[in-house]
Amino acid sequence: MQRLLSTYLYVQQKLTPATLAEIERAGFNGIEIFCSGFHFNYKSPETVREIADWFGDHKMKLHSLHGPTSRNFSANRESSTHMSLCDPERVRRLDAVDEIKHALDVAELLPFEMMVVHLGGSREPDDGRRWDAAFSSLEHLAIFAKHRGVLLTVENTPGEMATPAKLRHFLADTRLPNLKLCFDVGHAHMDGESISGFEQVRDFAASSHIHDNHGEKDEHLLPYEGSVEWEKFLAAMPDALPMVFEFKERQPGTPALDAIRKAIDRVEEEREK
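All of the points below concern the structure found in this document. Quick caveat: nothing in here was measured; it's all calculated off a predicted structure.

### Considerations on the packing of aromatic side chains
Applying the stated criterion to the full structure yields 9 aromatic pairs. On the numbers, 5.2 Å between centres and 90° between planes, the contact of W54 with F55 is edge-to-face. Overall, the relative accessible area of 10% leaves F55 in the buried class. Relative to F247, the ring of F245 lies with its centre 6.2 Å away and its plane at 40°, an arrangement referred to as tilted. Each member of the pair, F245 as well as F247, is classed as buried. Aromatic ring contacts, followed pair by pair, group F183, F198, Y224, W230 and F233 into a single cluster. A cation sits over an aromatic face here: R148 above F144, 3.5 Å from the ring centre. Over the face of the ring belonging to Y224 we find R266, whose NZ or CZ atom lies 3.7 Å from the ring centre.

Written out as structure tokens, the structure is:
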């Protein structure tokens, strides 16, 4: 099993070569970088080049980028502005599309396999206008990503809109090329669908986000710290599906990489049964 860690753990810090080196020393062989202006300024050629130079000298690989979900994402999030690829207002929707395109341009200096995107926020209502807007956004972005050698994946998120079942219908009905799904077990668990949700989208899943919660809040806990039924979920997971471990910092330095490594050891042991 590949050991892939999301830098969402460090989203309140600047991503630096020192951070990458620390992750590599902890035994991870790949990462997913979370795109935000504060953590990783994907619009800055100097920032991208610095990170690309580090990867050029190390064995750890860049598996994926998580596309931006807001503008002006500061350390305390007070100045962030939500973005939505399914916004019925064309100007706002195109603004979100352009922001994702800026992040995809990172591939010109720093190659990566996949980009994960959200359709919108948890308060997006499920209606036809928003699905039409989502189609327009994703049709354009999937082609843009393909030209840069990147597979676009849309993530299931809490709320009415981007549930596993609805994303499955969307992907099956539209058949957009170069578009797959990133299954987020923690988000599905909040809707009581950590296992049934995955079974519905298994054929469309190209990657996954692994974290735990107690079914109510998006806590991004280590596996086995919440109430996801890991034994059942891992039994349903194909061996080849990448698992990106996506945790949230609780206090500075926690959870520590040693604790994360032990949790992943337990996941690996369960998956090999």
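Still more ground to cover, so stick around.
### Side note on the packing of helix α3 (residues 90–104) against helix α4 (residues 128–146)
Running from amino to carboxyl end, α3 crosses α4 at an angle of 20°, the nearest separation of the two axes being 10 Å. Between α3 and α4, the interaxial angle falls into the category roughly parallel. As for how α3 packs across α4, the hand of that crossing is right-handed. Of the residues in α4, those in contact with R93, V97, I100, K101 and L104 of α3 are A133, S136, S137, H140, L141, F144 and A145.

### Considering the nonpolar core
Core analysis: the largest hydrophobic core is formed by 79 residues, its most contacted members being L5, M115 and L119. In terms of residue count, the dominant contributor to this core is α4 (7 residues). Beyond its immediate sequence surroundings of up to four residues, M115 is in contact with L65, G67, I100, A103, L104, V150, L151, L152 and T153.

### What to know about the pattern of salt bridges
Scanning all chains against the criterion turns up 14 salt bridges. The residue E268 makes a salt bridge to R3 at a minimum N-O spacing of 3.0 Å. With a gap of 265 residues between them, E268 in helix α9 (residues 257–271) and R3 in the segment before β1 (4–6) connect regions that are remote in the sequence. Assigned by exposure class, E268 and R3 land together as buried. Salt-bridge contacts for D258 lead to R261; the nearest nitrogen and oxygen are separated by 2.6 Å. Separated by 3 residues within a single helix, D258 and R261 lie in helix α9, roughly one turn from each other. By relative accessible area, which is 45% here, D258 ends up partly exposed. Here the salt bridges do not stand alone but share partners, grouping R3, D265 and E268 into one network.

Cut-offs and rules
What you see as residue numbers is a count from 1 along each chain, following the sequence as written. Only residues with pLDDT of at least 70 are given local features in this predicted model, and only at 80 or more are side-chain atom pairs given and counted; all residues enter the totals for whole chains, interfaces and linings. Based on all heavy atoms of the structure, the side-chain values leave hydrogens and waters out of the count. For Phe, Tyr and Trp, where Trp contributes only its six-membered ring, two rings pair if their centres lie within 6.5 Å, and the inter-plane angle classes them as stacked under 30 degrees, edge-to-face over 60, or tilted in between. The buried label applies to any residue whose accessible area, calculated with a 1.4 Å probe on protein chains only, is under 20% of its type's maximum; exposed applies above 50%, and partly exposed to all values in between. In this analysis the charged atom, NZ for Lys or CZ for Arg, is taken to sit over a ring once it is within 6 Å of the ring centre and within 35 degrees of the ring normal. To obtain each axis, a line is fitted to C-alpha atoms, and for helices this fit is confined to the stretch in contact; angles are then taken between N-to-C directions over 0 to 180 degrees. Secondary structure follows DSSP: runs of H or I at least 4 residues long count as helices, runs of E at least 2 residues long count as strands, and numbering of each begins at the N terminus. Any angle that is under 35 degrees is reported as roughly parallel, and any over 145 degrees as roughly antiparallel; angles of 65 to 115 degrees are reported as roughly perpendicular and all others as oblique. Two helices that cross are described as forming a left-handed crossing if the nearer one is turned anticlockwise from the farther one by less than a right angle, and a right-handed crossing if clockwise. The contact criterion used is simple: two residues touch if any of their non-hydrogen atoms lie within 4.5 Å. Nine residue types can take part in a nonpolar core, namely buried Ala, Val, Leu, Ile, Met, Phe, Trp, Tyr and Cys, and a core is a set of them joined through side-chain atoms within 4.5 Å. Should a side-chain nitrogen of Lys or Arg be within 4 Å of a carboxyl oxygen of Asp or Glu, the pair is scored as a salt bridge.

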